[in-house]
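One letter stands for each residue in the lines below.
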Amino acid sequence: MILPEHCQWSPIATPAISYTNPKCTVPDADHCLVLVMVLVLAMTALTGPVCASGWIGAMRAIDAESKVIDLEFGFHTQATDGIDAELGEVEQPPPPPRNIFYAVWSHAQLGNGTLRDLRSIPADGDSLVFHLTLQHTEPVSLHWNSDQLARGLQAAVITDGFGGTLFSANMLEQEEATIENKQIREVRLVCVARKVEV
């Protein structure tokens, strides 16, 4: 949908509160506000408590040079183990040279990997395993919001690919963890979803 110029907006200092455009005249402002409220509700629906359609969590990877890679994971009624373009999953380009920071969700059906990995909604009590492939020469810190994760997950543990011998964090009890060992190239996120509310 293309909005008239007076109803197009850009984020201001507090985008979570509102979006605005100085060209929005008083009669148009109500229409803009309604459109913004609809967009905000649509954007937050999947990040709140687990609903019938699903839930999405966020994690940020930051390297020693402050380069940031934003990642999302979760589950949805329409998701498959492959790349679901209609749910915003996009295959990434092949990995860059080994000295360049890189992070993607990966498994056999995700090609080169994705920044968003959604799975079908698990049976009550079943766990989901997400594989994060990393490429780094310096420490990498992972950040998330434990309160936001707790809305959709009963449990969430992130470990190295060796079962947690080198790196392990309970994501519901802390909000960041640092991977110091540059030999760690794969991280496993194992989580249990909260019961879906229909």
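Residues numbered from 1 in each chain as written. Predicted model: local features only at pLDDT ≥ 70, side-chain atom pairs only at ≥ 80, totals over all residues. Heavy atoms only, no water.

Observations concerning the environment of proline 95
Reasoning step 1: With respect to the secondary-structure elements, proline 95 resides in the loop between strand E4 (68–76) and strand E5 (102–105).
Reasoning step 2: Sequence separation of proline 95 and leucine 134 is 39 residues, and the distance between their C-alpha atoms is 9.8 Å. (Helix = DSSP H or I, 4+ residues; strand = E, 2+ residues; numbered from the N terminus.)

Let's talk about the packing of aromatic side chains
Reasoning step 1: Summed over the entire model, instances satisfying the criterion amount to five aromatic pairs.
Reasoning step 2: Among the aromatic residues, ring-to-ring pairing joins Trp55, Phe73, Phe75, Trp105 and Phe130 into one connected group. (Phe/Tyr/Trp six-rings, centres within 6.5 Å; stacked < 30°, edge-to-face > 60°.)

Considerations on the environment of alanine 193
Reasoning step 1: Inspection of the secondary structure assignment puts alanine 193 in strand E12 (residues 186–193).
Reasoning step 2: Since its relative accessible area comes to 8%, alanine 193 is described here as buried.
Reasoning step 3: Note: C-alpha distance between alanine 193 and aspartate 126 (67 residues apart in sequence) is 7.6 Å.
Reasoning step 4: The residues contacting alanine 193, other than those within four sequence positions of it, are Phe75, Pro122, Asp126, Gly152, Leu153 and Gln154. (Buried < 20%, exposed > 50% of the residue type's maximum accessible area, 1.4 Å probe, protein only. Contact = heavy atoms within 4.5 Å.)

Quick notes on the sheet that holds strand E7 (residues 127–135)
Reasoning step 1: Spatially, E5-E7-E12-E9-E10 is the arrangement adopted by the five strands of the open sheet, whose pairing is antiparallel. The strands lining the two open edges of the sheet, one partner per strand, are E5 and strand E10 (168–170). Going across the sheet, the axis of each strand differs from the next one's by a mean of 20°, ignoring polarity.
Reasoning step 2: As defined by bridge partners, strand E9 (residues 153–160) adjoins E10 across three bridges and the pair is classed as antiparallel. The partner of isoleucine 158 across the bridge, within E10, is alanine 169. (Pairing = 2+ DSSP bridges. Axes fitted to C-alpha atoms, helices over the stretch in contact; angles between N-to-C directions.)

Quick word on the pattern of salt bridges
Reasoning step 1: Applying the stated rule across the entire model yields four salt bridges.
Reasoning step 2: Note that arginine 60 and aspartate 70 form a salt bridge whose closest N and O atoms lie 2.6 Å from each other. Residue arginine 60 is found in strand E3 (residues 54–63), and its partner aspartate 70 is found in strand E4; the two are separated by 10 residues along the sequence.
Reasoning step 3: The partly exposed category is assigned to arginine 60, whose relative accessible area is 38%.
Reasoning step 4: Its relative accessible area of 42% is what places aspartate 70 among the partly exposed residues.
Reasoning step 5: Here arginine 119 ties to aspartate 117 by a salt bridge, and the two come within 3.0 Å at their closest N and O atoms. Like aspartate 117, arginine 119 is buried. (Salt bridge = Lys/Arg side-chain N within 4 Å of Asp/Glu carboxyl O.)

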